[in-house]
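Report on the structure
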Amino acid sequence: MPLPAIQESYSGRVNELTIGGGARKKTVTVGGAKTIPYGGDRAATGRRPVIAIDVLDSPPQDWPAVLADAYGGVLADPAAWAKKAVDEFGGDLVCLKFDGLHPDKGNLGADHAVAVTQKVIGAVGVPLILWGSGNDEKDNAVMPKVSQAAKGERVLLGTVTQDNYKSLTATALADQHLLIAQAPLDINIAKQVNILVSDMGFPLESLVMFQTTGTLGYGMEYAYSIQERERLAALGGDRLMALPVICDVGYESWRAKEAKASASEAPQWGDGAKRGPLWEATTAVALLQSGVDIVRMRHPAAVAIVREYINSLWGSD
Amino acid sequence: MIAIGERINGMFTDVKDAIAAKDPAPIVSLAKRQAAAGAAYLDINVGTAAADQAGTIKWLVETAQAAVPTPLCLDSQKPDVIRAGLSACDTSRGVLLNSSPLNKKSDPDVLARYVEMANSAGGSLIALTMDREGVPQNIDRRVEIAAELLTRCMELGLAPDRLFIDPIILPVNVPGAQAQPTNILAAIDQIRLMSDPPPHITMGLSNLSQGTTERSLINRTFLAMAMSHGADSAIIDVLDEPLVDIVATVEMLMNKQIYSDSFLKAYRSTAGGQRPDK
């Protein structure tokens, strides 16, 4: 009896989304997956994942030497920092993170945030991610002004949460930016945030999902399995889950004591200069396999490892 | 759940009147409302009143597909009527043919005709667990016919994921029919094991409650029971909101839809995503 060929295929597809516009010399397009990562057909795996390198609006207070030293003297100058991240370290995007707005980390104001935004826009040609401090009250007051300062640049603005989404969603709509929807390692809340934001008239096609990331040894497998389930739902036709995904690997990895302890603090753990970057790279490479589209990273050595990994699977740029 | 909206059917008075008057407005309205309610396909059945069934199905197809992008489910026991419907149908959006028995006394090869039409349209087919002897009353014969349907369809080049098996629900208040709902559930269990991927399981749900009181309650309850046994499609009144709420809830409880606080709304916005031709 001749049997008809049955092809395993998915009915859904992850949205494609282009970051950048206006004065950007480059745009970056992510998403488009029609199958699981490395699930066979190269064309169906969608756009290659990209690396966004973190730039902080004010000098980092708690970075270990191995990380801070990699940047030389630029950590007090976000524009120079961004330029280095792109020109020397090859970041596909710059993620400008406004830690300094947080009441516990400097409590800086809108004037500062707008000035930094304008400087970074002027310094680099790649698309930008503009990410608030995580303090709802402060971000609601300042991020709309940051958004306004970047109008026309089609940046990725972050983040909106289940309890705080109206202000930034309205801002992103008005300024025609893209948005990051955040959930606390919770797939049900992720779906709900997407629904809430799209109920405000914000297109799902302009939204990126973010689960607070777990690093190696600190919940990475939990983040992995949530993101894997999100992606399988997307491919199964759930259009509320068919969104590109971003991970914050840099910040989370460098919180781990295994990454940041110096050789003298933990001699039994091996060379501190290699250990931290490897911790970050290992986390990124593992999470990429759950279908992540954008990874936020910090150490240039880790960035280099992850870029080589992406190139080996997707082909080089 | 692949929900097939049942309302564009000449058995309903409003549709019958619209057909008689060639008035597109009620058809357009039903198409739009069912599409908005999450129908994956819209059933198109001319009923019995129209003299020119071929001309009528073409008119219904043209009217419905101009109103919404939802694919259609062409519903007739006469292959020529289906063929007429197909000639007017935009099959690029998918199509479902409804339905063929295994065989008929008057037409032993009826299944092959339907499969051929489904294949050339790139669509799917509903096949009934029914043969020249009629609708079997026991579990074993239902399962046996389903196996024959599946085998015959595969021989004719229709893959199991494009085959919908309808185990045929009879009204529960017909004498002797009260054992049938349980028999159908047992048959579904076995049919789902016949291939991987299994054929889809669908049913004309509203038939179960014909002539009873508490029609909606009977339909809603049995649909939840059937879904828990693996039915993944049904021809239903998608405008019955509590019925669709039950579908959404069962899918969520069966881990087919990711829970969110707005899961009822989320279900409606993603319905149709499981169609085999999507």
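Scroll up to find the structure this text is about.
Throughout what follows, the structure given in this document is the object of discussion. These numbers come from a predicted model, not from an experiment.

1. Remarks on the pattern of salt bridges
Taken as a whole and judged by the stated rule, the model has 25 salt bridges over all chains. Here D248(A) ties to R296(A) by a salt bridge, and the two come within 3.3 Å at their closest N and O atoms. Highlighted residues: D248(A) in strand β9 (residues 245–248) and R296(A) in strand β10 (residues 294–297), separated in sequence by 48 residues. Of the two residues examined, D248(A) and R296(A), each falls in the buried class. As a salt-bridge pair, E155(B) and R152(B) come within 3.4 Å of each other at their nearest N and O atoms. Separated by three residues within a single helix, E155(B) and R152(B) lie in helix α6 (residues 139–155), roughly one turn from each other. Note on R152(B): relative accessible area 30%, which makes it partly exposed.

2. Some words on unusual backbone geometry
Put simply, G158(A) and T159(A) share a cis peptide bond, and its omega is -10°. With respect to the helices and strands, T159(A) occurs in strand β6 (residues 156–160). Between N98(B) and S99(B) the backbone carries a cis peptide bond, its omega angle lying at 5°. In this structure, S99(B) sits in strand β4 (residues 95–100). In this model, Q176(A) sits at a positive phi of 55°, which is unusual for a non-glycine residue.

3. Considerations on the interface of chain A and chain B
Taken residue by residue, the interface counts 21 residues in chain A and 21 residues in chain B. Taking both partners together, chain A and chain B bury about 1700 Å²; carbon and sulfur atoms supply 59% of that area. Linking chain A to chain B there are one salt bridge. Between D199(A) and K265(B) there is a salt bridge, and its shortest N-O distance comes to 2.7 Å. Our count for the contact surface shared by chain A and chain B stands at six residue pairs in polar contact (both at pLDDT 80 or more). Those elements giving two or more residues to the side of chain A that touches chain B turn out to be α6 (187–199) and α7 (220–235) of chain A. A per-element tally of the side of chain A that touches chain B places α6(A) first, with six residues.

What counts, and where the lines are drawn
Residues numbered from 1 in each chain as written. Chains lettered and ligands numbered in written order. Predicted model: local features only at pLDDT ≥ 70, side-chain atom pairs only at ≥ 80, totals over all residues. Heavy atoms only, no water. Salt bridge = Lys/Arg side-chain N within 4 Å of Asp/Glu carboxyl O. Helix = DSSP H or I, 4+ residues; strand = E, 2+ residues; numbered from the N terminus. Buried < 20%, exposed > 50% of the residue type's maximum accessible area, 1.4 Å probe, protein only. Contact = heavy atoms within 4.5 Å. Buried area = accessible area lost by both parts, 1.4 Å probe. Polar contact = N/O pair within 3.5 Å; in protein donor to acceptor, adjacent residues only side chain to side chain.

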